Amino acid sequence: MTQVYERERVSMSSPARTHKVPGVRWRPRLISTGRHTLLILVSLICLMPFYWMLISAFKDNGQIFAVPIKWWPDPIHWENLARTWNSPGFPYLHMLGNSIFYSVTVTIGTVLSCAAAGYSLARLRFPGRNLLFVLTVATLMIPTIVTFIPTYVLFRYAGLIGSYAPLIIPAFLGNGFFIFMMRQFFLTIPWELSEAAKMDGASEFRIFWQIMLPLVKPALIVVAVFSILYTWQDFFGPLVYLSDPSQYPLSLGLFAFQGQRTTDWSALMMGSLLTTLPLIIVFAFAQRYFLEGITMTGMKG
Amino acid sequence: MSPLRRREARAGFFFVLPWLVSLLVFTIYPIIATIFFSFTDYNIIQAPHWIGLANYQTMFTADPDFWRSVGNSAYYALISVPLGLIMALLLALLLNAHARGIGIYRTIFYLPTLVPPVASTIIFMLLFTPNSSGLINMLLGIFGIPAQGWLTDANQARPVLIFLSLWGLGAATLIFLAGLQDIPATLLEAATIDGAGYWRRFWHITLPLLSPVLLFNLVMGVISSFQVFTQALVVGGTTGAPQGSTLMFMVIIYRSAFRYFSMGYASALSVLLFVVVLIVTLLIFWSARLWVFYEGGRS
């Protein structure tokens, strides 16, 4: 935050300097206006697909494709909501439940395993730690598909295809990206704290659980929100591992629905809206953590 | 080792044990197994049967879809990655210099990345509806541009996928923005006092100091663009409609493995993808010595 202010001071000092030269005082204002115009234009482009989804969800097909463009549904087809919600091809509440189950269990597993592994890699000394850290970073460069086929074969031999087990079990063992993130957070905590607790005779587990974890709570929330986001958006895993439509999470359910209703655009837009909405709600409450997480990933790269 | 050090090592090992198991079972073993499967004929039901280089031979000489998907994926990566980087950097520069309203713009730019890929692809399919009643075609019509075929035209379907990837530019933009905000204001100020204009400050201070972030975004962008799957499958199915133009490399791997259950062939394709990603990543890191600036002279 302080840096933003510093920069503002810089940009405010430059107009003062140009000020001395007569006749160029209008330039900063012109640049600022131009910049705002551009930013607003880009914002409109970013928001347009959202807006079109939202209004199309409450139109009928005739209104969606009306010439000239109808920027507002008239009349508003509120019944589209119930029509999609109750459609046998899109059992919304059921799939919402599946998505919540999937993302919550994966997130619990990810947070626990990645906090423990990240803590170990950051603050406990044991032989082979550096090698392990290098391997952890290397996993980020491996395309998912390279490990996917033998993993599928393993789960097939275990008789777990057609269940959520192959999607959830790996999360409880950790994830390279989040372990890396947790490690970077743990490195920022002062060493005196754990040293003092160690001198007082606290066990390593107690130091981790009662002293360290509460200190990295923001980091745990960052990992949790990203884990929810990625799991909610996951498509490939459920597509390969799940076969019974009653197990589908929202992403896969929406894909199946699109296969049935190729041209029923108002239903498809309502389905897209209902699939996206829970993530937007999570974002509204946890925006700070999303932004912090993104900043983190770039910095430490 | 002192008892305290030994206790620490034991705890360290214990905390990292699940991850160690994961590395062995879900990373190292599968990589070895994929390489092994790639030399076999394997349909999951019968045991893998060694056929040497036959899968690779089929791939390069007897599978027209292989070359088609390589071309499509290369086209997608070569355009969407550089274009995405330049646009994200420009947006970050626009955002950086202006503190007022920055929070709102940041939120708006990030919002599209929240939309699950299946949903965003369906939305774009509606926006780019061919004939004169699709929204994009109607907007182009205002400027007198005739209606385009978009996803029904084999030459225009891939550009639509690239537009879709550009819509999700928010994350890269925010990473650039964080990098820009890390550049010490004093440096830019000193340069301004010395009479450096905007372009000179950008080329000689901002860009060198931002180059590690640029490297990060480039590597991540390349790795993910080679793996584009969901958008291509929703648009073109497993045949890459229209006329195979959206048949991406990941789609043919998925099709071979989980539609035809040719696990051996799919493994060979995966190994090739792995090698290509590895070579490209290494080339980028190698070239980084020439263009990435590390403070403290680490380069």
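Since the structure is predicted, the reported quantities are computational estimates derived from the model, not experimental observations.

Enquirer: Honestly, the overall build of chain A in this entry has me stumped. Any pointers?
Expert: Within chain A, the secondary structure is distributed over 15 helices and zero strands. Scaling as 2.2 N^0.38, a compact globule of 301 residues should have a C-alpha radius of gyration of about 19 Å, whereas chain A reaches 25 Å, well beyond that. Projected onto its principal axes, the C-alpha coordinates of chain A cover approximately 80 × 75 × 35 Å.

Enquirer: It is not clear to me how the overall build of chain B should be interpreted in this structure. Could you clarify?
Expert: Along the backbone of chain B there are 13 helices and two strands. Taken over the C-alpha trace, chain B has a radius of gyration of 24 Å; the compact-globule value for 299 residues is 19 Å, which it surpasses by more than 25%. The dimensions of chain B, computed from C-alpha atoms along their principal axes, are 80 × 75 × 30 Å. A burial count over chain B gives 42% of its 299 residues as buried. Of the contacts made within chain B by residues no fewer than 6 positions apart, 66% connect residues no fewer than 24 positions apart.

Enquirer: I'm lost on the domain arrangement of chain A in this one. Help?
Expert: One frequently used descriptor of interface size is the decrease in accessible area upon assembly of the parts. Residues and elements named next belong to chain A. Domain annotation for chain A reports domain 1 (2-85) and domain 2 (92-300). The distance between the C-alpha centroids of domain 1 and domain 2 comes to 33 Å. Each partner contributes to the interface: domain 1 provides 14 residues, whereas domain 2 provides nine residues. Secondary-structure elements contributing two or more residues to the side of domain 1 that touches domain 2 are helix H2 (26-57), helix H3 (61-64) and helix H4 (79-85).

Enquirer: Got a minute to help me understand the interface of chain B and chain A in this structure?
Expert: Residue-level contacts link 80 residues of chain B with 84 residues of chain A. Here the side of chain B that touches chain A gets 21 residues from one element, more than from any other, and that element is helix H1 (residues 3-37) of chain B. Among the residues making up the side of chain B that touches chain A, the classes are represented as 60 nonpolar, 16 polar and four charged.

Enquirer: Explain unusual backbone geometry to me, please; I cannot follow it from the model alone.
Expert: For residues that are not glycine, phi is negative in most cases, and the peptide bond is trans in most cases. Look at the link from Val67(A) to Pro68(A): it is a cis peptide, with omega at -5 degrees. Mapped onto the secondary structure, Pro68(A) falls in the loop between H3 and H4. A cis amide bond, omega -5 degrees, links Ala241(B) with the succeeding residue Pro242(B). In the Ramachandran plot, Asn131(B) falls in the positive-phi region, its phi being about 65 degrees despite a non-glycine side chain. When you line up the elements, Asn131(B) lands in the loop between helix H5 (117-127) and helix H6 (135-142). A residue is classified by how many C-beta atoms lie within 10 Å of it, and Asn131(B), with 12 of them, is exposed. A positive phi angle, near 50 degrees, is found at Phe261(B), a position not held by glycine. Considering the arrangement of structural elements, one finds Phe261(B) in the loop between helix H12 (249-258) and helix H13 (263-291). You can call Phe261(B) partly exposed: it has 14 C-beta atoms within 10 Å.

Enquirer: Teacher, can you tell me more about the packing of helix H10 (residues 198-226) of chain B against H13(B) here?
Expert: The relative placement of two packed helices is expressed as an angle between their axes plus a distance between the axes. All names here are of chain B. One way to put it is that H10 packs onto H13 with a least axis distance of 11 Å and a crossing angle of 165 degrees. When the interaxial angle is binned, H10 and H13 end up roughly antiparallel. Considering the relative orientation of H10 and H13, their crossing is right-handed. When H10 is examined against H13, the residues Ser 211, Leu 215, Leu 218, Val 219, Val 222, Ile 223 and Phe 226 are found in contact with a partner set consisting of Leu 273, Val 277, Val 280, Thr 281, Ile 284, Ala 288 and Trp 291. Here the residues of the contact of H10 with H13 are counted per class, giving twelve nonpolar, two polar and no charged.

Enquirer: How do you make sense of the confidence of the model for chain A when you look at a structure like this?
Expert: Close reading of the predicted structure is inappropriate where its pLDDT is low. For chain A, the mean per-residue pLDDT works out to 88, and 90% of the residues sit at or above 70. Predicted confidence is poor over residues 1-22 of chain A, with pLDDT under 50, and the contacts of this stretch with residues over four places away or in other chains come to 17 contacts.

Enquirer: Looking at this model, I keep getting lost on the nonpolar core. Mind explaining?
Expert: One recurring pattern in soluble globular proteins is that nonpolar side chains are buried together. Counting 150 residues, the largest nonpolar core has Met182(A), Val223(A), Phe176(B) and Ile253(B) as its most contacted members. Counting contributing residues per domain, this core is built from domain 1 (2-85) and domain 2 (92-300) of chain A, each supplying no fewer than three.

Enquirer: Help me understand the environment of Met141(A) in this model?
Expert: Counting through the fold element by element, Met141(A) comes out in the loop between helix H6 (129-139) and helix H7 (144-157). The sequence separation of Met141(A) and Phe172(A) amounts to 31 residues, and the corresponding C-alpha distance is 21 Å. Filtering out sequence-adjacent residues up to four positions away, Met141(A) remains in contact with Ile223(B) and Thr281(B).

Enquirer: Looking at this structure, I do not really get the environment of Tyr119(A). What am I missing?
Expert: Topologically, Tyr119(A) is positioned in helix H5 (residues 92-123). Note on Tyr119(A): 28 C-beta atoms within 10 Å, which makes it buried. As for Tyr119(A) and Asn61(A), which are separated by 58 residues in sequence, their C-alpha atoms are 54 Å apart. The residues contacting Tyr119(A), other than those within four sequence positions of it, are Phe186(A), Phe208(A), Met212(A) and Phe15(B).

Enquirer: Explanation requested: helix H7 (residues 157-167) of chain B in the structure shown.
Expert: All of the buried residues along H7(B) are Ala157(B), Arg158(B), Val160(B), Leu161(B), Leu164(B), Ser165(B) and Trp167(B). With its buried residues spanning 165 degrees around the axis, H7(B) presents them on a single face. Against the buried residues of H7(B) lie H2 of chain A together with helix H3 (64-97), H5 and helix H11 (230-236) of chain B.

Enquirer: Explain the packing of helix H9 (residues 176-187) of chain A against helix H12 (residues 217-233) of chain A to me, please; I cannot follow it from the model alone.
Expert: Residue and element names in this part refer to chain A. Packing of H9 against H12 brings their axes to within 10 Å, and their N-to-C directions diverge by 165 degrees. Regarding the angle of H9 to H12, the classification is roughly antiparallel. Here H9 runs over H12; the crossing is right-handed. Facing Phe 178, Met 181, Met 182 and Phe 185 of H9, the residues of H12 in contact are Ala 219, Val 223 and Ser 227.

Enquirer: Sorry, what's going on with H9(A) here?
Expert: Residues and elements named next belong to chain A. Its twelve residues place the ends of H9 17 Å apart at the C-alpha level, agreeing with the 16 Å of an ideal helix rising 1.5 Å per residue. A large share of H9 lies buried, amounting to nine of its twelve residues. Buried within H9 we find Gly 176, Phe 178, Ile 179, Phe 180, Met 181, Met 182, Arg 183, Phe 185 and Phe 186.

Parameters at a glance
- Residues numbered from 1 in each chain as written.
- Chains lettered and ligands numbered in written order.
- Predicted model: local features only at pLDDT ≥ 70, side-chain atom pairs only at ≥ 80, totals over all residues.
- Helix = DSSP H or I, 4+ residues; strand = E, 2+ residues; numbered from the N terminus.
- Rg over C-alpha atoms; globule rule 2.2 N^0.38 Å.
- Buried ≥ 20, exposed ≤ 12 C-beta atoms within 10 Å, placed from the backbone.
- Contact = placed C-beta atoms within 7 Å.
- Domains from an automatic or database assignment.
- Nonpolar A, V, L, I, M, F, W, Y, C, P; charged D, E, K, R; others polar.
- Axes fitted to C-alpha atoms, helices over the stretch in contact; angles between N-to-C directions.
- Parallel < 35°, antiparallel > 145°, perpendicular 65-115°, else oblique.
- Left-handed = near helix turned anticlockwise from the far one by under 90°.
- pLDDT = per-residue confidence, 0-100.
- Core = buried A, V, L, I, M, F, W, Y, C linked by C-beta atoms within 7 Å.
- Arc of directions from axis to C-beta.
- Expected span 1.5 Å × (residues − 1).

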